[in-house]
Amino acid sequence: MNKRDAFELVLISLLALFLELAIIRWLSTEVRIFAYFKNFALMASFLGFGTGCLLHQHSERMFYTWFPKLCIYLTLIIALAPLIGITHVIFVDPREFFLLGSGLGDHEAASAPSIFETLKALIVIVSLYFMVVAVFACLCTKLGELLNRFKPLTGYSLNVLGSLSGVFLFSLVSFLGWPPAVWLIIAYFLLIYFHLGRKSFGWVSWYFLTLAVRTAIIVGFIYPAKWTPYYKLTVERDRQWEIPVYQVLVNYDGFQVIQPFGPQFLDRVPKEINPVYNRHYNLPFRLANRPVESVLILGGGTGNDAAVALRNGAHRVDVVEIDPVIAELGKDLHADRPYQSQSVRLFVDDARSFLERNTSNYDLVIFATLDSHTAFSSLSSLRLDNYVFTVESLQQVAQHLNPGGGVAINFFAINTWLSQRHYDTLKKTLGDPIVLGSIENQETILLAGPLFDRTRDLGVTSYRPLVTPFTAEPVELSTDDWPFLFLKGRGIPFHYLVPLFVVFLLSLVPVRYCLATGGQLDWQLFFMGAAFLLIETKAVTALGLLLGSTWLLNSIVIAAILLMILAANMLAPSCTGASFTLLYALLSLTLLVDFIFPLSVLNRLEWIYRVLTGATLVTCPLFIAALIFAKMFAHVKSSSAGLASNLFGALVGGLLEYLDMWTGLRSLNLIALALYLLSFWFLLRSHRSGAQLSAPLGARGEDF
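Residues numbered from 1 in each chain as written. Predicted model: local features only at pLDDT ≥ 70, side-chain atom pairs only at ≥ 80, totals over all residues. Heavy atoms only, no water.

## Describing the sheet that holds strand E2 (residues 232–237)
Convention followed: Paired strands, as defined in this entry, are two strands with at least two bridges between them according to DSSP. Helix numbers and strand numbers start at the N terminus; a helix is a DSSP run of H or I with at least 4 residues, a strand a run of E with at least 2. Any two residues whose heavy atoms approach within 4.5 Å at even a single point are treated as in contact. Orientation is described by lines fitted to C-alpha atoms, with helices fitted over the stretch in contact, and by angles between N-to-C directions that extend from 0 to 180 degrees.
Spatial ordering of the open sheet is given by E1-E2-E3-E4, a layout of four strands whose pairing is antiparallel. Each having just a single partner strand, strand E1 (226–227) and strand E4 (253–258) make up the two edges of the open sheet. As defined by bridge partners, E2 adjoins strand E3 (residues 246–250) across five bridges and the pair is classed as antiparallel. Opposite glutamate 236, over in E3, you have glutamine 247 as the bridge partner. Packed on one face of the sheet, helix H15 (residues 324–333) meets E1, E2, E3 and E4 and runs near 20° to E2.

Quick look at the structure:
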């Protein structure tokens with residue numbers, strides 16, 4: 001094995017994965033529509049990877065000449081998005097689909113976009129999608145060229161090793177909170193290796209590379225921000241107040257307000273504004289029929305709820321906040337200093353994970369307005385905080401209540417069906433809630449449990465009792481299997497299907513071009529790729545529920561899956577006795593068991609045994625699928641063509657993933673099973689006919 005070729009294959013794989021993660025995150029931050037179409041950038045990456053692998057014979061021109069230029073163009077567009085007016089583009093009514101943010105319908109009764117706005121949004125989506133495709137297509141021509149210099153399984157293992165390194169590198173960048181300018185420097189530094197000593201990479205190329213970095217730095221000065229593992233965070237002092245009030249913006253949109261509640265500050269708030277200023281914070285304590293001594297706050301943010309709990313006499317306040325930078329902002333900027341109190345314990349963790357492991361009980365559990373509509377949309381397939389409002393989550397919360405305790409949920413209420421969903425979910429677990437709302441703040445709070453007395457005085461607040469039900473139409477409750485809080489009902493919204501369909505049709509153009517220029521699709525690997533993406537999505541989701549959905553744990557899970565693939569590659573050569581028929585049968589069995597077996601049954605076990613058992617159930621299909629792929633890939637004629645087929649399949653898998661908005665997450669196993677059976681059918685067909693697309697795979701009878 002040529003050591004230089006091996007090093008370059010690992011390096012180009014590292015660069016591809018690192019750049020993919022960087023662009024997906026940066027693009028969804030600067031062009032907000034991509035945060036609501038969460039799979040688009042990922043699908044574009046798959047299409048670009050596959051196209052590049054099939055066009056590997058053109059790597060001299062595409063990788064060395066076009067990739068640096070296209071990469072610079074893309075990064076300049078992303079960096080300049082707020083200045084050229086494409087940060088917020090819309091094509092549907094923002095209030096209907098919760099596509100909210102700065103100037104996108106937060107406080108308007110109706111905000112349907114004009115035809116011009118719709119066309120602009122679609123042009124931005126499609127243009128940037130194919131710009132990402134072009135960037136990765138040019139990059140991966142070099143990947144395809146290097147892959148073909150090795151035996152298929154050896155090259156694939158080196159590719160996975162490089163991808164694993166890319167995950168670790170971007171995780172480190174996220175941990176350190178480095179901004180996009182540093183991401184670009186790292187990516188360009190990795191790229192420079194391939195251009196050392198090449199005359200084609202002159203001073204003009206160096207100028208444009210540094211131009212992209214300088215532009216990102218300048219925009220960073222214009223819009224100063226902190227980069228957390230989850231968000232781009234901006235903090236501004238609100239000058240309309242004499243007291244220290246701060247606006248916290250996430251990705252250019254309003255997110256939280258840091259406001260003090262000490263008497264020395266409240267006395268300086270104008271009396272006529274006091275009801276709106278106080279919002280909902282005191283209501284759970286005002287309506288409590290006894291002193292509240294212990295409080296759990298889920299989504300504690302910068303500390304407003306903790307400050308109010310302390311002022312109302314709570315002696316033990318546990319706060320769960322998933323973002324470490326937001327928690328630090330609370331420590332540094334909140335004038336009441338709640339996180340410095342000896343009575344407050346701050347946990348930087350996922351709410352569901354905390355509920356799983358924590359054994360303490362509380363008088364009051366507060367859901368602290370953690371359904372941020374700047375981060376969520378009914379056009380998204382899934383967002384992590386959706387799991388906090390499922391039936392199963394509320395049942396867990398009920399188990400953490402002291403006798404006579406209560407639960408408070410405050411949320412941004414702009415659609416009656418969303419309010420009804422929260423109401424019905426809470427009613428199912430704790431009985432009829434007290435319902436209060438504020439027209440001025442467009443918020444509603446639900447209070448449920450024996451702790452609360454609806455006859456007590458509300459105090460100084462703009463909240464007043466509301467009439468229920470909010471809507472006469474039946475509203476499905478969100479569950480761990482169907483956790484789509486902001487989706488009105490099962491199904492994929494038509495307005496979502498339009499850009500999805502347009503992108504899919506246009507994606508066929510580069511695929512057809514590759515096939516017309518001599519490329520071939522290996523259909524068994526194609527369907528393997530489509531199915532693997534689905535079970536990987538299902539696994540990451542299930543493991544997120546078991547372990548928590550923090551950025552670090554998600555990175556660990558993705559790294560563990562890549563390590564599993566490496567282990568399967570190493571094991572495949574020694575598995576000559578395991579036929580494809582046996583392996584596909586085992587894969588089908590594990591998929592069915594994972595589909596039938598409810599993970600909630602494991603709640604009776606200790607946490608560590610629950611995690612180990614659940615993780616084994618979830619990851620078994622992944623390992624068997626990786627083993628099948630390794631045995632199959634070991635015999636392909638062209639490594640680049642085989643990997644391209646798999647990546648094109650992953651693109652289709654990304655499209656099929658959206659079916660879970662209709663069928664639920666567990667059904668992904670059944671869809672994946674159907675795809676794996678198609679893969680097996682093509683494998684049998686090629687074996688029996690002897691006319692295979694790539695190589696004499698399965699020519700030996702013992703393989704079957």
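## A word on empty space enclosed by the protein
The condition that has to hold: We place a 1 Å grid over just the protein atoms. Points where a 1.4 Å probe fits but has no way out form a cavity, open points with protein on both sides within 12 Å along at least 5 of 7 lines form a pocket, and any residue with an atom within 4 Å of a point lines it. Grid points are joined across faces, edges and corners, and a volume is the space filled by probe spheres set on the points. Three classes are used: nonpolar for Ala, Val, Leu, Ile, Met, Phe, Trp, Tyr, Cys and Pro, charged for Asp, Glu, Lys and Arg, and polar for all others, with Gly counted as polar.
Per the stated rule, a full pass over the model turns up six cavities of 30 Å³ or more. Of the volumes computed, that of the second largest cavity is approximately 70 Å³. As for the second largest cavity, its lining consists of 14 residues, of which His280, Tyr281, Pro284, Asp305 and Ile366 are closest to the centre. At the level of elements, helix H13 (283–286), helix H14 (304–311), strand E8 (362–368) and strand E9 (401–412) are the ones that each hand at least two residues to the lining of the second largest cavity. Its residues assigned to classes, the lining of the second largest cavity comprises ten nonpolar, three polar and one charged.

## Considering the packing of aromatic side chains
Under the convention used in this document: Only Phe, Tyr and Trp rings take part, Trp by its six-membered ring, and two of them pair if their centres are within 6.5 Å. Stacked means planes under 30 degrees apart, edge-to-face means over 60, and tilted covers everything else. A simple rule labels every residue: compare its accessible area, found with a 1.4 Å probe on the protein chains alone, to the largest value its type can have, and call it buried under 20%, exposed over 50%, or partly exposed in between. Distance and angle both matter: a charge sits over a ring if NZ of Lys or CZ of Arg is within 6 Å of the ring centre and within 35 degrees of the ring normal.
In the structure shown here, the tally under the stated rule is 32 aromatic pairs. Here phenylalanine 7 and tyrosine 193 contribute two aromatic rings whose centre-to-centre distance is 5.4 Å and whose plane-to-plane angle is 80°, an arrangement assigned as edge-to-face. A residue pair is termed long-range when its members are at least 10 positions apart, and phenylalanine 7 in helix H1 (residues 3–30) and tyrosine 193 in helix H9 (residues 180–195) qualify at 186 residues. Overall, phenylalanine 7 belongs to the partly exposed group, its relative accessible area being 45%. Taken together, a centroid distance of 5.3 Å and an interplanar angle of 55° make the contact between tyrosine 231 and phenylalanine 255 tilted. Within this pair, whereas tyrosine 231 is found in the loop between E1 and E2, its partner phenylalanine 255 is found in strand E4, the two being separated by 24 residues in sequence. Each residue in the set Phe7, Phe63, Tyr64, Phe67, Tyr193 and Phe194 is aromatic and connected to the rest through ring pairs, giving one cluster. In this arrangement the basic side chain of lysine 631 is found over the ring face of phenylalanine 580, its NZ or CZ atom lying 5.3 Å from the centre.

## Quick look at the side chain of threonine 228
Cut-off, in case you're wondering: Polar contact is defined as a pair of N or O atoms within 3.5 Å, subject to the rule that within protein one atom must be able to donate a hydrogen and the other to accept it, and that residues adjacent in sequence are counted only when both atoms are side-chain atoms.
Within the fold, threonine 228 resides in the loop between E1 and E2. Within polar-contact distance, the side chain of threonine 228 engages the backbone nitrogen of tyrosine 230 at 2.9 Å. Polar side-chain contacts of threonine 228 include one of 2.7 Å to the side chain of aspartate 323. Each residue touching threonine 228, except ones within four places of it in the same chain, is listed here: Arg25, Leu233, Asp323 and Val325.

## A few points about the environment of leucine 591
With respect to the helices and strands, leucine 591 occurs in helix H22 (residues 580–596). Between the alpha carbons of leucine 591 and isoleucine 445 there is a distance of 41 Å; along the sequence they are 146 residues apart. Leucine 591 has contacts with Ile535, Pro621, Asn669, Leu673 and Tyr676, leaving out every residue within four places of it along the chain.

## Notes on the layout of surface pockets
Over the atoms, a rolled probe matching the size of one water molecule traces out where space is still vacant. Taken as a whole, the second largest pocket encloses approximately 820 Å³ of empty space. If you go around the second largest pocket, you meet 31 residues; those closest to its centre are Glu356, Asp480, Leu599, Ser600 and Asn603. Those elements that provide at least two residues to the lining of the second largest pocket are helix H16 (351–357), helix H17 (391–399), helix H20 (523–547), H22 and helix H23 (607–633). Looking at the lining of the second largest pocket element by element, the count peaks at five residues for H20. Grouping the constituent residues of the lining of the second largest pocket by class yields twelve nonpolar, nine polar and ten charged.

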